[in-house]
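Listed below, chain by chain, are the residues.
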Amino acid sequence: MEKKYPMFTEEHDMLRQSVRDFAEKEVAPYVDEWEENETYDMNTFKKMGDLGFLGLRVPEEYGGGGTDYWSVVVLFEEMIRAGSSGFLTAIGVHTEVAIPAIMHFGTEEQKQKYLVPAVKGESLGALAVTEPEAGSDVASMRATAVEDGDSYIINGNKIFISNGARADWIIVAAKTDKEGGYNGITELIVDTDTPGFEVSRKLDKVGLRSCDTAELFFTDMRVPKENMLGELNKGFHQIMANFQPERLLVAIGAYGGAEAALQLAIDYAKERVQFGKPISKQQHNAFKIAELATKIEASKELSYRAADMYNRGVECMKEVMMAKLYTTDVANEVAYEAMQLMGGYGYMMEYPIQRAWRDLRVMTIVAGTNEIMKLIISRNLGL
Ligand SMILES: Cc1cc2nc3c(=O)[nH]c(=O)nc-3n(C[C@H](O)[C@H](O)[C@H](O)COP(=O)(O)OP(=O)(O)OC[C@H]3O[C@@H](n4cnc5c(N)ncnc54)[C@H](O)[C@@H]3O)c2cc1C
């Protein structure tokens, strides 16, 4: 029989099976413990590196798989089935945020120093852009990188940084031209063992608890000039260019997470008997499930279309934003309705739907809020 999605080749199917096996054996059994302890096992991260999962799209010369974007889709679709959006966020920030930045803008020396170990799972990366006073308005950031001989001196404060407390290196965005606005920001790769770096606090989040999110301080931190990533004063544009894989990842996490949440509700609705029959046999509930399943299918199709464009190197900023906007709204609706279908049990911590509900909530906020998605989509439509 013809495949539903012909872009997934036999190689993708083999990858899917090996990620599924890995997620079932190495992730799923530990998720509860990791979420409880707000951590995950770095050995699991290392094993992902050994299996080639951390550098699927990275060219082979840097130890990666040299494959296409569909492999990334496969990886995250399968990983999310293990039920740990937190661990997945840590992995995703490493592979789809930090690594692509080095891959696209790094010098040969930076690729050897940061990309090669990152792909092997020997170092963990992060990206620090957001500040307490500069969230959606990235250009208003205050952190500075001031030239001093053959170094830059970084001062400033970043917040909400995923992997911030555990990362070995962080790509930090800072002002190199205070008056330059969007054209005054530069990215620098900083090693977190450099004097002047401080994790001031690990933040206490509603969801994604196994992934650390930190507030960071940089005080007179001296970074060699060769650690500048890409071009001087082009940091904002580099960050924007790299948003595609990050937002696609959020979209995959959203439809994947929604699928898993709906399945929990379906399984429950078939078992739960009220008024003499399973609640799934109440037409309202069956119709609700059918509607949600249709929205998830639409989410997936929209994401696949954006992923296909990205994979082929077609300009797809608007389509990626639409996918991020739609999938994350749908995921939140699904999580809400799935909990509703499970009644009081759904609200109890012992049922996994609460974690899906907490984890999916953040998706309309991260990687650019959904309001910012609408702002840019509407500008794209000439409004
Ligand atoms: C779990 C988590 C992980 C994160 N990881 C990282 C990371 O690794 N690295 C990093 O740099 N950042 C990270 N962030 C930060 C994230 O990118 C920001 O939270 C996000 O960009 C929004 O910024 P803000 O929180 O300051 O909200 P604000 O920008 O203050 O926005 C508040 C509200 O106002 C709305 N709003 C703002 N401006 C407009 C406008 N012009 N039009 C309409 N509405 C508007 C927003 O949509 C939002 O609803 C993370 C955040 C979270 C919660």
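Residues numbered from 1 in each chain as written. Predicted model: local features only at pLDDT ≥ 70, side-chain atom pairs only at ≥ 80, totals over all residues. Heavy atoms only, no water.

S.K.: Residue-level account of the packing of aromatic side chains, with values.
M.R.: Throughout the structure, instances matching the rule amount to 18 aromatic pairs. With a centroid separation of 5.5 Å and 80 degrees between ring planes, the pair formed by phenylalanine 8 and tryptophan 70 is classed as edge-to-face. Placement of phenylalanine 8 in the segment before α1 (10-27) and of tryptophan 70 in helix α4 (residues 69-80) is noted, with a sequence separation of 62 residues between them. Overall, tryptophan 70 belongs to the buried group, its relative accessible area being 3%. Here arginine 16 stacks its cationic end above the ring of phenylalanine 8, 5.1 Å away from the centre of that ring. When the ring centre of tyrosine 40 is taken as origin, the NZ or CZ atom of arginine 166, which lies over that ring, is 4.3 Å away. (Phe/Tyr/Trp six-rings, centres within 6.5 Å; stacked < 30°, edge-to-face > 60°. Helix = DSSP H or I, 4+ residues; strand = E, 2+ residues; numbered from the N terminus. Buried < 20%, exposed > 50% of the residue type's maximum accessible area, 1.4 Å probe, protein only. Lys NZ or Arg CZ within 6 Å of the ring centre and 35° of its normal.)

S.K.: Summarise the nonpolar core; cite the residues concerned and give the values.
M.R.: Core analysis: the biggest nonpolar cluster contains 44 residues, and Met48, Val73 and Met79 have the highest contact counts within it. Those elements that place two or more of their residues in this core are α1, α2 (31-37), α3 (42-50), α4, α5 (85-105), α8 (243-271), α9 (283-311) and α10 (317-341). Considering each element in turn, this core owes the most residues, nine residues, to α4. Taken domain by domain, this core gets at least three of its residues from each of domain 1 (10-123) and domain 3 (242-380). Here methionine 48 is in contact with Phe22, Phe53, Leu54, Leu75, Met79, Phe87 and Ile91, once residues within four sequence places are set aside. Within the second largest apolar cluster, 28 residues are counted, among which are Tyr114, Val119, Ile171 and Ala173. (Core = buried A, V, L, I, M, F, W, Y, C linked by side-chain atoms within 4.5 Å. Domains from an automatic or database assignment. Contact = heavy atoms within 4.5 Å.)

S.K.: Give me the site of the ligand: which residues, what numbers.
M.R.: Around the ligand sit 16 residues in total, of which Thr130, Ser136, Phe160, Thr369 and Glu371 are the nearest. At 2.8 Å from a nitrogen atom of the ligand is found a main-chain nitrogen or oxygen belonging to phenylalanine 160. One of the side-chain N or O atoms of glutamate 371 is found 2.7 Å from an oxygen atom in the ligand. Here the ligand has 970 Å² of accessible area as a free molecule, and 63% of this is covered by the chains. Elements with a contribution of two residues or more to the shell around the ligand: β1 (125-128), β3 (151-162) and α13 (370-380). Looking at the shell around the ligand, the element that brings in the most residues is β3, giving three residues. In the shell around the ligand, the residues fall into nine nonpolar, five polar and two charged. Counting only domains with at least three residues in the shell around the ligand, you end up with domain 2 (126-233) and domain 3 (242-380). (Near = heavy atom within 4 Å. Polar contact = N/O pair within 3.5 Å; in protein donor to acceptor, adjacent residues only side chain to side chain. Areas by Shrake-Rupley, 256 points an atom, 1.4 Å probe, with all protein chains shown as cover. Nonpolar A, V, L, I, M, F, W, Y, C, P; charged D, E, K, R; others polar.)

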